[in-house]
Amino acid sequence: MQKERPFVMSIAGFDPSGGAGLLADIKTFEQLKLQGLGVCTAMTLQTESQCLSLNWQPLEEILSAINVLMKNYLVKAIKIGVVKDAWFLSQIVERIKSVNPVAKIVWDPVLKSTSEFSFFDLNTISDLKNVLQQIDLITPNYNEYKVLKEFDLFKNAKNSCSVLIKGGHREDQIGTDILIQNGKEIFINPIDITSDFYPKHGSGCVLSSAIASHLAFGKNLEEACRNGKLYIEKFLTSNPALLGFHY
């Protein structure tokens with residue numbers, strides 16, 4: 001087994017355009033000099049501008065794949081993407097913790113696509129309270145955070161995970177992310193305010209996988225989020241199209 005690069009795993013959907021999900025995560029891992037592993041939660045048919053269909057993979061197959069990979073490779077961090085509902089997520093997290101209790105977990109809570117295609121069953125949001133205690137960080141955009149907050153998921157900071165609220169959808173302070181850790185707010189401002197930032201399909205996937213990558217390198221949460229910010233800004237300025245370049 002190679003030991004030069006830390007192992008990091010994506011548990012996410014398959015996007016054939018390569019802009020989001022597993023393919024985008026693996027691209028990010030490789031660019032950041034990690035060894036990427038992948039488990040598919042859903043098969044989708046989509047382009048950079050629309051999602052046409054989604055078929056969830058059987059939960060038992062997902063759990064089995066996690067088991068095999070994590071028992072054969074020392075996975076330092078895991079990024080979780082689209083999941084069906086709170087139960088689906090809780091089973092995935094439980095399996096991860098049963099194999100490696102100290103592995104870092106980042107969940108990008110994709111509720112809807114930009115084109116309004118629904119992924120997560122919103123009726124189960126209130127059931128997330130227990131599972132969030134076992135996750136290190138979630139990375140909702142501003143609109144997703146408002147939905148999650150309505151269910152008092154972050155009322156007790158000591159019993160919940162850290163939250164990085166992405167600033168791309170804000171009307172004020174556009175591009176400023178807010179890391180909430182142990183009840184404290186840490187503002188992470190855009191690094192290069194002179195550059196032109198273009199909307200990108202899969203930008204949330206790329207940011208969360210970049211953060212997971214830096215956690216796998218042993219960075220603390222704030223450092224990982226700041227380093228992830230550096231990566232996503234390069235991605236957002238890479239070209240004017242919806243599919244970004246990794247470099």
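Above this text you will find the structure in question.
Quick summary incoming for the structure in this document.

So, how was this worked out
Residues numbered from 1 in each chain as written. Predicted model: local features only at pLDDT ≥ 70, side-chain atom pairs only at ≥ 80, totals over all residues. Heavy atoms only, no water. Axes fitted to C-alpha atoms, helices over the stretch in contact; angles between N-to-C directions. Helix = DSSP H or I, 4+ residues; strand = E, 2+ residues; numbered from the N terminus. Parallel < 35°, antiparallel > 145°, perpendicular 65-115°, else oblique. Left-handed = near helix turned anticlockwise from the far one by under 90°. Contact = heavy atoms within 4.5 Å. Buried < 20%, exposed > 50% of the residue type's maximum accessible area, 1.4 Å probe, protein only. Salt bridge = Lys/Arg side-chain N within 4 Å of Asp/Glu carboxyl O. Phe/Tyr/Trp six-rings, centres within 6.5 Å; stacked < 30°, edge-to-face > 60°. Pairing = 2+ DSSP bridges. Arc of directions from axis to C-beta. Core = buried A, V, L, I, M, F, W, Y, C linked by side-chain atoms within 4.5 Å. Expected span 1.5 Å × (residues − 1).

**Comments concerning the packing of helix 2 (residues 59–72) against helix 3 (residues 86–99)**
Reasoning step 1: Relative orientation of the contacting elements helix 2 and helix 3 amounts to 20°, with a least axis distance of 10 Å. Here helix 2 lies roughly parallel to helix 3, going by the angle between them. Read as a crossing pair, helix 2 and helix 3 show a hand that is right-handed. Along its contact with helix 2, which presents Leu59, Ile62, Leu63, Ser64, Ile66, Asn67, Met70 and Lys71, the element helix 3 presents Trp87, Phe88, Gln91, Ile92, Arg95, Ile96 and Val99.

**A closer look at the environment of Lys84**
Reasoning step 1: Structurally, Lys84 is set in the loop between strand 4 (75–80) and helix 3.
Reasoning step 2: Judged by relative accessible area, Lys84 falls into the partly exposed class, the value being 38%.
Reasoning step 3: Each C-alpha atom of the pair Lys84 and Phe120 lies 5.1 Å from the other, and the pair is 36 residues apart in sequence.

**Overview of the pattern of salt bridges**
Reasoning step 1: One pass over the full model with this rule turns up 6 salt bridges.
Reasoning step 2: Across the salt bridge formed by Glu30 and Arg5, the nearest N and O atoms sit 3.6 Å from each other. Of this pair, Glu30 sits in helix 1 (residues 21–31) while Arg5 sits in the segment before strand 1 (7–14), and the two are 25 residues apart along the sequence.
Reasoning step 3: With relative accessibility at 35%, the residue Glu30 sits in the partly exposed group.
Reasoning step 4: The partly exposed category is assigned to Arg5, whose relative accessible area is 27%.
Reasoning step 5: Here Glu222 and Arg226 are joined by a salt bridge, their closest N and O atoms 3.0 Å apart. Of this pair, Glu222 and Arg226 both sit in helix 7 (residues 221–236), 4 residues apart, roughly one helical turn.

**What about the packing of aromatic side chains?**
Reasoning step 1: Applying the stated criterion across every chain, the model contains 3 aromatic pairs.
Reasoning step 2: Ring plane angle 40° and centroid distance 5.0 Å describe the contact between Phe7 and Tyr73, whose orientation is recorded as tilted. Placement of the pair is Phe7 in strand 1 and Tyr73 in the loop between helix 2 and strand 4, with a sequence separation of 66 residues.
Reasoning step 3: Measuring from centroid to centroid gives 6.0 Å for Trp107 and Phe120, while their planes differ by 50°, and the two rings are tilted. Pair noted here: Trp107 is in strand 5 (residues 104–107) and Phe120 is in the loop between strand 5 and helix 4 (129–132), with a separation of 13 residues, a long-range link. Across this residue pair, the class does not change: Trp107 and Phe120 are buried.

**Description of the sheet that holds strand 8 (residues 177–181)**
Reasoning step 1: Ordered by their spatial adjacency, 9 strands build an open sheet running 3-2-1-4-5-6-7-8-9, and the pairing between neighbours is mixed. Of all the strands in the sheet, the pair left with one neighbour each is strand 3 (51–56) and strand 9 (184–188).
Reasoning step 2: This element, helix 3, spans strand 1, strand 2 (35–46), strand 3, strand 4 and strand 5 of the sheet and lies at about 175° to strand 4.
Reasoning step 3: Helix 6 (residues 203–216) contacts strand 1, strand 4, strand 5, strand 6 (137–138) and strand 7 (162–165) of the sheet and is inclined by roughly 165° relative to strand 4.

**A few points about helix 1**
Reasoning step 1: Within helix 1, the full set of buried residues consists of Gly21, Leu22, Ala24, Asp25, Thr28 and Phe29. The buried residues of helix 1 occupy an angular sector of 165° when projected down its axis, which confines them to one face.
Reasoning step 2: Looking at the buried positions of helix 1, the neighbouring elements they touch are strand 1, strand 2, strand 4, helix 6 and helix 7.
Reasoning step 3: Positive backbone phi, approximately 70°, marks Lys33, located one or two places after helix 1.

**What to know about the nonpolar core**
Reasoning step 1: Among the nonpolar cores identified, the biggest contains 41 residues, and Ile80, Ile92 and Leu128 are the most heavily contacted of them.
Reasoning step 2: Sequence-distant contacts of Ile92, that is, excluding residues within four places in its chain, are made with Ile11, Thr41, Leu59, Ile62, Leu63, Ile66, Ile80 and Val83.
Reasoning step 3: If you look at the next biggest cluster of nonpolar residues, it comprises 26 residues, including Phe29, Val106, Leu207 and Ala212.

**Let's talk about helix 2**
In an α-helix, one full turn covers 3.6 residues, which means residues spaced three or four apart are oriented alike.
Reasoning step 1: Under the 1.5 Å per step criterion, the end-to-end length of helix 2 is 20 Å for 14 residues, consistent within 8% with the ideal 20 Å.
Reasoning step 2: Restricting attention to buried positions, one finds in helix 2 the residues Leu59, Ile62, Leu63, Ile66, Leu69 and Met70. Seen along its axis, helix 2 keeps its buried residues to an arc of 135°; they face one direction. Summarising the geometry of helix 2, the exposed residues directed more than 90 degrees from the buried face are Glu60, Glu61 and Lys71.
Reasoning step 3: Residues of helix 2 that are buried sit in contact with strand 1, strand 2, strand 4 and helix 3.

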